[in-house]
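# Chain and residue survey
What follows is the residue order along each chain.
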Amino acid sequence: VQLQASGGGLVQAGGSLRLSCAGSGRTFSSYAMGWFRQAPGKEREFVAGITWSGKSTYYADSVKGRFTISRDNAKNTVYLQMNSLKPEDTAVYYCAADTRAWVLVVTTNRHEYAGWGQGTLVTVSS
């Protein structure tokens with residue numbers, strides 16, 4: 001699965017953005033998807049994940065209650081709705097697909113994901 005994230009930009013603290021991740025390939029709907037982010041000088045970290053069916057999601061504590069992940073398998077797209085943004089959310093955001101098909105539980109381990117695209121930059125000003 002090849003992926004491309006989009007939707008980033010500059011927003012003031014407290015604002016919202018919606019990221020999209022478009023996938024190619026007929027098997028997109030078979031895989032759990034994850035959003036990760038990487039701030040300057042920091043390691044890439046898990047943000048949110050969703051199983052192949054969309055029935056199960058998981059969030060990092062830092063974004064729980066503010067971010068919502070969803071997917072539309074008919075459009076081969078996964079979304080990340082980000083509300084109440086904070087300056088510490090500033091990072092390049094990446095989407096990726098779990099390498100294992102049909103898993104029922106989201107993994108936070110980035111080494112289990114592949115298909116990383118270029119990422120999209122989110123900048124939150126204070």
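Our structure's up above, just so we're on the same page.
The notes below deal with the structure included here. (Residues numbered from 1 in each chain as written. Predicted model: local features only at pLDDT ≥ 70, side-chain atom pairs only at ≥ 80, totals over all residues. Heavy atoms only, no water.)

This part is about the overall build of the protein chain. Scanning the protein chain for helices and strands turns up 0 helices and 11 strands. For the protein chain, the α and β elements follow one another from N to C terminus as β-β-β-β-β-β-β-β-β-β-β. Seen along its three principal axes, the alpha-carbon backbone of the protein chain occupies a region of about 40 × 25 × 25 Å. A total accessible area of about 6,400 Å² is found for the protein chain, and carbon and sulfur atoms account for 48% of it. The protein chain carries 13 positive and 8 negative side-chain charges, and their two centres are separated by 6 Å. (Helix = DSSP H or I, 4+ residues; strand = E, 2+ residues; numbered from the N terminus. Areas by Shrake-Rupley, 256 points an atom, 1.4 Å probe, with all protein chains shown as cover. Lys, Arg positive; Asp, Glu negative; His and termini not counted. Charge placed at Lys NZ, Arg CZ, Asp CG, Glu CD.)

Attention shifts here to the side chain of Asn76. As for its position among the elements, Asn76 is in the loop between strand S7 (67-72) and strand S8 (77-82). Setting aside anything within four residues of it in sequence, one finds Asn76 in contact with Cys21, Ala22, Gly23, Ser24, Gly25 and Phe28. (Contact = heavy atoms within 4.5 Å.)

Right, let's get into unusual backbone geometry. Even without a glycine there, the phi angle at Ser84 is positive, about 50 degrees. With respect to the element layout, Ser84 can be found in the loop between S8 and strand S9 (91-101). Given a relative accessible area of 40%, Ser84 falls into the partly exposed group. The backbone of Trp102 sits at a positive phi, close to 65 degrees, despite the residue not being glycine. Mapped onto the elements of the fold, Trp102 is located in the loop between S9 and strand S10 (113-114). (Buried < 20%, exposed > 50% of the residue type's maximum accessible area, 1.4 Å probe, protein only.)

Time to look at the pattern of salt bridges. Any two side chains of opposite charge can pair, so long as their charged atoms come close to each other. For the structure on display, the rule yields 7 salt bridges. Here Asp89 ties to Arg37 by a salt bridge, and the two come within 2.9 Å at their closest N and O atoms. Of this pair, Asp89 sits in the loop between S8 and S9 while Arg37 sits in strand S4 (residues 31-38); the two residues are 52 residues apart in sequence, bridging distant segments of the chain. For the pair formed by Asp89 and Arg37, the shared burial category is buried. Each of Arg37, Glu45, Arg66 and Asp89 takes part in one network of salt bridges that share partners. (Salt bridge = Lys/Arg side-chain N within 4 Å of Asp/Glu carboxyl O.)

Moving on to the state of the cysteines. Inspection of the entire model under this criterion finds 1 disulfide. Here Cys21 is linked by a disulfide to Cys95, with a sulfur-sulfur distance of 2.0 Å. Taking the torsion about the S-S bond as the criterion, the Cys21 to Cys95 disulfide, at about 70 degrees, is right-handed. In this pair, Cys21 is assigned in strand S3 (residues 17-24) and Cys95 in strand S9, connecting sequence segments 74 residues apart. For Cys21, a relative accessible area of 0% gives the class buried. (Disulfide = S-S within 2.5 Å.)

In short, shape yes, function no, at least from these values alone.
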